[in-house]
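Commentary on secondary and tertiary structure
The primary structure of each chain is shown beneath.
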Amino acid sequence: MTLILQLAINGLVFGSLLGLVALGLALVFGVMRLVNFAHGEFITLGAYATYLLVTTTGVSPLWGIPIAALLGATIGLAVQMLVISRLAGRPELEALMATYALSIVGLGLFALAFGGDFRTYSAGPAGNVTLAGVVVGWRSITVLVACVIVGAATLALVSRARTGLGFRAVAQNREAAAACGVNVVASERLAFSVSVALAAICGALISFIGTTTPNVGHEWLLDGFVVVIVGGLGSISGALVAALAIGLLHSFASYFLDDSWAQIMTYVLLYVALLVRPHGLLGARSAT
Amino acid sequence: MLDVRNVAVRYGQALAVRGVSLRAETGSWIAIVGPNGAGKTSLARAICGLVPHQGTIAIAGEDISKLPAWERQRRGIGYVPEGRQLFGAMSVEENLRVGAFSRAGAEVRRGLDEAFALFPRLAERRMQAAATLSGGEQQMLALARALMDRPNLLLVDEISWGLMPLLVAQVFERLAALNADGLTIVQIEQNAHEVLRRATHAYVMAAGVCVFDGPAKSVARDPRVLESYIG
Ligand SMILES: Nc1ncnc2c1ncn2[C@@H]1O[C@H](COP(=O)(O)OP(=O)(O)OP(=O)(O)O)[C@@H](O)[C@H]1O
Ligand SMILES: [Mg+2]
């Protein structure tokens, strides 16, 4: 029983990080119809930023969260304005190739700057708590709580705030949104910037419980895409459900079988989900 | 109010609108009629800034030809597009909120109250997703959404499409009441007889050009126009 609980908690931590990755991907796909292959590199950016912050200034890695968010938002805005916005109106495949190129450039830059070393740090919350016989690291708890807070804030932005109303309007009908007075260009900029900030926050949290390498973000990206597809493209609540499901599946499968089986089962789930629920777990309604 | 000069719209090689000029005085009700494919919708989209166009478009004396769609909306253009173009997964209320996107909270609430008073059917369905409304309700929502930002000019494209005759009559009554309150209306309409009876001035379009224009009553009586372009 304690083993099951232990695995469930590991799965929740993994799933909640995956949820944040997927949230950023779904936001940009929804508002801009853009598949952002460079999302992983923005995760890596947040991880290295936090690593550098902690190892050079000695502050708590928790500071990495707001710093990564700010850095991500700024760089996201710049990349959107300098690279992505120029692709407006081009075929989707061209935009996809551009973000793929951006991803390769990012991978190269991180490898040049940091080499292939595995980077870790020991600052910040440490140790374990034992709850009903289950040993949970303080770091895992911190990550879980941070994911819930950041995820809830993003959901509130999208579902309650006026900005989010604009995002959803642009996602569902770009022209009608513009004819209603929504500045679609500004909405796209902001959505991309928020998405990159989310990726960088994920990176900060990943650096906290794992190791940082030039391709740490890249490794999360494919699972992120799986979550977005299983959840229903652009459906944010569907993506969150899918993220937790895949997190749990991954945790149990890698313990009872092994890591490779966990990967295989994730993709089998993707295939089954596409066959059974082509519009995602929650069956996203199509716009008129 | 609205001054359209020599507007042309091109899709690739094809010219859909070939130099159309049109004026709407404040408080007038302009009808645009003509056969399918005449370029009426393309002209409306050009006025709203939804397609690239040549020529100039001025509203209240200001040239808006170079402005993006959202800024044109903020100059007072309300648009009821062909095919409704609602935000299908959003609720009725959210659709209306997008209609008043540039307004502050208190004004939005007042706008919602007015919209629900004007369209009680929408009030009953406040939280329902727009895509699940009946065709008639969707059409009402498209009109209510366009009115949320208190436009000076209402551009209406085929609002009676797919509505039963009783509803068509109701929609025209609504428009007449709005027009009586001073709203300028430019209405594209297949139901030529009804719109020509109500409008002050009419333009007949065919093959991308304006082939005839004059007081709506005279267009309605002109046998050549009726026969060749309206039927
Ligand atoms: N997005 C587009 N791409 C290419 N051609 C288009 C596009 N939209 C319209 N057209 C063409 O432009 C011409 C005018 O179309 P438009 O929709 O403006 O006509 P309309 O007068 O509104 O017709 P209807 O009464 O059927 O609504 C048509 O020949 C149409 O095929
Ligand atoms: Mg049309």
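Below, the structure is looked at part by part. Every chain is numbered independently, its residues counted from 1 as its sequence is written. Throughout, the order in which chains and ligands are written sets their labels, letters from A for the former and numbers from 1 for the latter. Local features in this predicted model are restricted to residues whose pLDDT is 70 or higher, and side-chain atom pairs enter the listing and the counts only when it is 80 or higher, whereas totals over whole chains, interfaces and linings include all residues. To get the side-chain values, take all heavy atoms of the structure and skip hydrogens and water.

1. So, the coordination of the magnesium ion (ligand 2)
Around a metal, the perfect tetrahedron of four donors has angles of 109.5 degrees, and the perfect octahedron of six donors has angles of 90 or 180 degrees. Residues and elements named next belong to chain B. Rules: Metal donors: N, O and S atoms at distances within 2.8 Å, or within 3.2 Å for Na, K and Ca, with water omitted from the atom set so that some sites may seem incomplete. Only DSSP runs of H or I reaching four residues or more are called helices, and only runs of E reaching two or more are called strands; each is numbered from the N terminus. Residue burial is assigned from relative accessible area. The probe radius is 1.4 Å, only protein chains are included, and a residue is buried under 20% of its type maximum, exposed over 50%, and partly exposed in between.
Ligation of the magnesium ion (ligand 2) by protein atoms is provided by Thr41 (OG1) and Glu82 (OE), these donors lying 1.9 to 2.3 Å from the ion. Of this pair, threonine 41 sits in helix H1 (residues 40-48) while glutamate 82 sits in the loop between strand S6 (77-80) and helix H3 (92-99), and the two are 41 residues apart along the sequence. In this structure threonine 41 comes out as buried when scored by relative accessible area, which is 18%.

2. Side note on the environment of glycine 217 of chain A
With respect to the helices and strands, glycine 217 of chain A occurs in helix H9 (residues 216-231). A sequence separation of 177 residues divides glycine 217 of chain A from glycine 40 of chain A, and the C-alpha atoms of the two residues are 4.0 Å apart.

3. A few points about the interface of chain A and chain B
Filter applied, for reference: The contact criterion used is simple: two residues touch if any of their non-hydrogen atoms lie within 4.5 Å. What gets called buried area is simply the loss in accessible area from a 1.4 Å probe that two parts show on being joined, summed for both. What makes a salt bridge here is a side-chain nitrogen of Lys or Arg within 4 Å of a carboxyl oxygen of Asp or Glu, nothing more. Residue polarity follows a fixed list, in which Ala, Val, Leu, Ile, Met, Phe, Trp, Tyr, Cys and Pro are nonpolar, Asp, Glu, Lys and Arg are charged, and the others, Gly among them, are polar.
Every contact between the two is made by 22 residues of chain A and, on the other side, 24 residues of chain B. For the pairing of chain A and chain B, the buried interface totals around 2100 Å² over both sides, and the portion due to carbon and sulfur atoms is 60%. Summed over the shared surface of chain A and chain B, the result is 2 salt bridges. With a closest N to O distance of 2.8 Å, arginine 168 of chain A and glutamate 94 of chain B form a salt bridge. Classifying every residue of the side of chain A that touches chain B by side-chain character gives 10 nonpolar, 8 polar and 4 charged.

4. Concerning the packing of aromatic side chains
Note the following rule: Stacked, tilted and edge-to-face are the three classes applied to pairs of Phe, Tyr and Trp rings, where Trp contributes its six-membered ring and a pair requires centres within 6.5 Å; stacked means planes under 30 degrees apart, edge-to-face means over 60, and tilted covers the rest. Only when the NZ atom of a Lys or the CZ atom of an Arg is both within 6 Å of the ring centre and within 35 degrees of the ring normal do we say a charge sits over the ring.
A complete count under the given rule lists 8 aromatic pairs over all chains for this structure. Between phenylalanine 37 of chain A and tyrosine 100 of chain A, the ring centres sit 5.6 Å apart and the planes meet at 90 degrees, which makes this aromatic pair edge-to-face. Residue phenylalanine 37 of chain A is found in the loop between helix H1 (2-32) and helix H2 (39-57), and its partner tyrosine 100 of chain A is found in helix H4 (residues 92-114); the two are separated by 63 residues along the sequence. Judged by centre distance (5.3 Å) and plane angle (65 degrees), the rings of phenylalanine 37 of chain A and phenylalanine 225 of chain A are edge-to-face. Residue phenylalanine 37 of chain A is found in the loop between H1 and H2, and its partner phenylalanine 225 of chain A is found in helix H9; the two are separated by 188 residues along the sequence. The partly exposed category is assigned to phenylalanine 37 of chain A, whose relative accessible area is 21%. Through a chain of ring-to-ring contacts, three or more aromatic side chains come together here, namely Phe37, Tyr100 and Phe225 of chain A. For arginine 162 of chain A, the ring lying beneath its charged end belongs to phenylalanine 101 of chain B, and the centroid distance is 4.2 Å.

5. Here we look at the site of ligand 1
Residues and elements named next belong to chain B. What counts, and what does not: Throughout this document, a residue counts as near a molecule or strand when at least one of its heavy atoms sits within 4 Å of that molecule or strand. Each polar contact in these results corresponds to two N or O atoms within 3.5 Å; when the atoms are within protein, one needs to be able to donate a hydrogen and the other to accept it, and residues that are neighboring in sequence are counted only if both atoms are side-chain atoms. For accessible areas, the Shrake-Rupley method is used with a probe of radius 1.4 Å. Any residue's cover is judged against the shown protein chains and nothing else.
Lining the immediate environment of ligand 1, one finds 13 residues, of which Asn36, Lys40, Thr41, Ser42 and Glu82 sit closest. Residue lysine 40 places a side-chain N or O atom 2.7 Å away from an oxygen atom belonging to ligand 1. Contact between ligand 1 and glutamine 190: an oxygen atom at 3.0 Å from a side-chain N or O atom of the residue. Considering ligand 1 on its own, with 640 Å² of exposed area, one finds that the protein chains cover 58% of that surface. Tallying contributions element by element places H1 first for the shell around ligand 1, with 3 residues.

6. Remarks on the pattern of salt bridges
All names here are of chain B. Using the criterion set out here, one finds 20 salt bridges over all chains in the structure. In this structure, glutamate 137 and arginine 121 form a salt bridge, with 3.0 Å as the shortest nitrogen-oxygen distance. On the criterion of sequence distance, the pair formed by glutamate 137 in helix H6 (residues 135-147) and arginine 121 in helix H5 (residues 120-124) is long-range, its members being 16 residues apart. Classification of glutamate 137 by relative accessible area gives buried; the value is 5%.

7. Let's talk about helix H10 (residues 236-256) of chain A
Keep this limit in mind: To estimate the expected span of a helix, subtract one from its residue number and multiply by 1.5 Å.
In this model, H10 of chain A (21 residues) spans 30 Å end to end at C-alpha, consistent with the 30 Å of a helix rising 1.5 Å per residue. Among the residues of H10 of chain A, those classed as buried are Ile236, Gly238, Ala239, Ala242, Ala243, Ile246, Gly247, His250, Ser251 and Ala253 of chain A.

8. With respect to the nonpolar core
Defined as follows: Think of a nonpolar core as a cluster: buried Ala, Val, Leu, Ile, Met, Phe, Trp, Tyr and Cys residues, connected wherever their side-chain atoms sit within 4.5 Å.
Among the nonpolar cores identified, the biggest contains 108 residues, and Leu20, Phe192, Leu205 and Trp220 of chain A together with Leu2 and Leu43 of chain B are the most heavily contacted of them. The element that contributes the greatest number of residues to this core is H1 of chain A, accounting for 14 residues. Setting aside residues up to four positions removed in sequence, phenylalanine 192 of chain A forms contacts with Val28, Met32, Leu34, Asn36, Phe42, Gly76, Val79, Gln80 and Ile84 of chain A. By size, the runner-up hydrophobic cluster in this structure holds 45 residues, among which are Leu112, Leu133, Val156 and Leu196 of chain B.

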